[in-house]
Amino acid sequence: MTYALRQMVVLGYIAAFMPLPALAQSAPPPVTVAKPVVRDVVDSDEFIGRFEPVDEVSVRSRVGGYLQEIHFQDGALVKQGDLLFVIDQRPFVTALNQAKATLESSQSALVFADAQYKRAQSLAASGSQSAQTLDDRRREFDSAEANVRGAQAAADRASLDMEYTEIKAPLSGRIDRRLISAGNLVQTDQTVLTTIVSLDPIDFYFDVDERRLLNFADTARKLGKDLQQGGGGLDVSVTISDPSAKPFKGKLDFAENRVDNESGTIRLRARFPNPDLVLQPGLFGRIQVEASNTYQAILVPDEAIGSDQNERVVYVVGTDGTVSTKPVRPGPRLYGYRVIREGLDGTETIIVNGLMRARPGAKITPQMTELPQERQDTAPETAGAESGQ
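All of these numbers come straight from a predicted model, not from anything done at the bench. (Residues numbered from 1 in each chain as written. Predicted model: local features only at pLDDT ≥ 70, side-chain atom pairs only at ≥ 80, totals over all residues. Heavy atoms only, no water.)

Draft legend 1. Spotlight on the side chain of Thr165. Assignment of secondary structure puts Thr165 in the loop between α3 (131–164) and β8 (166–168). When residues no more than four places from it in sequence are discounted, the contact partners of Thr165 are Val63, Phe85, Val86, Ile87, Gln89 and Phe92. (Helix = DSSP H or I, 4+ residues; strand = E, 2+ residues; numbered from the N terminus. Contact = heavy atoms within 4.5 Å.)

Rendered as structure tokens:
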């Protein structure tokens, strides 16, 4: 290789490893930035609870006998007064006929005793009969009258037992499966035949700790009501495990009258309309209850919050495009955003998308966007799930 050729190769290697000029280097990475949302909000606390029916009944028979007929389909909706079961009526028909015959006999005896008593009164008035005989006739009349009342009561009881052989729905709702088949012996007031639960409206029970109980009670007093009486019908909402279901709206309507000694909690109840019968007894849900008065909050997207060791931080962009971090204290999630309790005043420009392309002290190419006042892409969360606290 000639000297000139070797010199050209060396120069080529040197040129390959030399840094590019400043103008040839890549520009700062583009990152989406925005101002935080500042708006009036009301905090809400979240609790896990369970739906329970407003009314629930275990259907039993008031008379004993053999089950003869079943008049419903398992799991069907029934209305109050619908016929459900029939007990074998033949023994009760016989008892009713016997009671009616006894009543007729007693009525006949009363008619005779009445006539005897009136005749004795007439004779005693003319002196033809003694007072002793008049008293006997009066006693016989009173006894016959009492026998009629007793026979009437026995007939009424037999008629009532006959009516009880037809077991009807005591309330409207959804019926369970039959717990006993036709042909089995039914014990009076003991054998459970099935159960019925009401569905509309439906109640939601949840437990509240002492700290938040005092907050709720104070809110209720400001409304001129007691928490035990529903806190003035405070509005609440419940979300269920189905992500496609919208929150269900209801009202707080009851609280127990004492705090549980063991758990330090008190049980509250909210009532929800359920016309579509979506909510079922036993279903779990998360209830959101208003826990503060209206105040002005700073809201940022969850994806704008990063971590620095044990701190939560937000990436702030200066006027020259330089990135810096600010420690923040997150609060509940409202309107699709995270409330920032401390660390921001709402005037900052923060990174809302592209945190992976930003580093503290480095520069970025800001692409400004405006955040909407409310986002629907995230389910609401409550103060009970605050992070960083």
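Still to come is the rest of the account.
Draft legend 2. How the structure looks around the environment of Ala101. Along the chain, the position of Ala101 falls in helix α2 (residues 90–126). Look at Ala101 and you get partly exposed, because its relative accessible area is 42%. Measuring from C-alpha to C-alpha, the distance between Ala101 and Ala155 comes to 8.9 Å, with 54 residues separating the pair along the chain. (Buried < 20%, exposed > 50% of the residue type's maximum accessible area, 1.4 Å probe, protein only.)

Draft legend 3. Representation of the pattern of salt bridges in the model. A complete count under the given rule lists 14 salt bridges for this structure. For Asp74, the salt bridge goes to Arg178, with nearest N and O atoms at 3.3 Å. One end of the pair, Asp74, is in the loop between β5 (65–70) and β6 (77–78); the other, Arg178, is in the loop between β9 (173–175) and β10 (185–186), with 104 residues separating them in the sequence. Across the pair Arg267 and Asp207 runs a salt bridge, and its minimum N-O distance is 2.8 Å. A residue pair is termed long-range when its members are at least 10 positions apart, and Arg267 in strand β15 (residues 265–272) and Asp207 in strand β12 (residues 202–209) qualify at 60 residues. Judged by its relative accessible area of 32%, Asp207 falls in the partly exposed class. (Salt bridge = Lys/Arg side-chain N within 4 Å of Asp/Glu carboxyl O.)

Draft legend 4. Quick peek at the side chain of Asp161. Mapping Asp161 onto the fold places it in helix α3. Given the relative accessible area of 16%, Asp161 is considered buried. Residue contacts for Asp161: discarding those within four places in its chain leaves Val63 and Phe92.

Draft legend 5. Geometry of unusual backbone geometry. Cis rather than trans, the peptide bond between Asp200 and Pro201 has omega equal to 0°. Along the polypeptide, Pro201 turns up in the loop between β11 (192–197) and β12. You will see that Asp189, though not glycine, has its phi angle at about 60°, which is positive. In this structure, Asp189 sits in the loop between β10 and β11. Here the phi dihedral of Leu277 falls at roughly 60°; this positive angle occurs in a residue that is not glycine. Relative to the assigned elements, Leu277 resides in the loop between β15 and β16 (284–290). Under the relative-accessibility criterion, Leu277 is labelled partly exposed at 24%.

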